[in-house]
Amino acid sequence: MKRLTLAAAIAVGFALPAFADDGIHIVDPYARASTGMSQSGAAFMRIENHGKVDRRLIAAQSDAAQRVELHTHIEDDAGVMRMVEVEEGFVIPAEGERVLERGGDHLMFLGLTRALNHGDEVAVTLSFEEGDDMDITIPVDLERMPDHGGGHSHGHSHDHSHGHSHGHSHN
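Description of the structure in this document. (Residues numbered from 1 in each chain as written. Predicted model: local features only at pLDDT ≥ 70, side-chain atom pairs only at ≥ 80, totals over all residues. Heavy atoms only, no water.)

Thoughts on the pairing of strand β4 (residues 65-75)
Pairing geometry for β4 and strand β8 (residues 106-112), over 6 bridges, is antiparallel. From the neighbouring strand, Glu69 faces β8, where its bridge partner is Met108. Direction of pairing for β4 relative to strand β5 (residues 81-85): antiparallel, over a ladder of 5 bridges. Among the inter-strand pairings, Glu75 is bridged to a residue of β5, identified as Met81. With antiparallel pairing between neighbouring strands as the criterion, β4 and β5 make up a hairpin whose turn holds 5 residues, including Gly79 at a positive phi of roughly 85°. (Pairing = 2+ DSSP bridges. Helix = DSSP H or I, 4+ residues; strand = E, 2+ residues; numbered from the N terminus.)

Next comes the structure, spelled out in structure tokens:
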């Protein structure tokens, strides 16, 4: 009996990485309020998927806001950039990444429940289509420049060929 239990535990141990959160890594997250007295804010980060299958971020929650939505910017027919909710979520490709950045994909905090002051931290829960959640802490950085360069070099390009999930269907 003991041998069977040990074998089962070892088998489960080897199977876990395929299903565990350790395939998703959050790199360089930061949040900011739109303005000092704003009721909205946004969070940016790089989501890396070290797993062998695509993952889809479908929702986010935070006690810092009444609602957190997945947003992106699109150009309308008049050439004006508009922010829209991405209801189908963000695909993080297998062995790839999804960059959430200003002017592109991001988490939008609507109805802030408190001010987002420089140096604060915001607790956020990311929910994935596969049924798992990931709790992260995002620092508030009101000094970060829009290009989020600031001496940070993460070795990623700004190629957005995988950046928009419009029209993708995995059914």
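Observations regarding the nonpolar core
Met45, Leu57, Leu107, Phe109, Val124 and Leu126 are the most contacted members of the largest nonpolar core, which has 28 residues in total. Elements with a minimum of two residues in this core: β1 (24-33), β2 (40-49), β3 (55-62), β4, β6 (90-92), β8, β9 (121-128) and β10 (133-139). Tallying contributions element by element places β9 first for this core, with 4 residues. If we ignore the near neighbours within four places in the chain, the residues touching Leu126 are Ile26, Leu57, Ala59, Ala60, Leu107, Asp132, Asp133, Met134 and Ile136. (Core = buried A, V, L, I, M, F, W, Y, C linked by side-chain atoms within 4.5 Å. Buried < 20%, exposed > 50% of the residue type's maximum accessible area, 1.4 Å probe, protein only. Contact = heavy atoms within 4.5 Å.)

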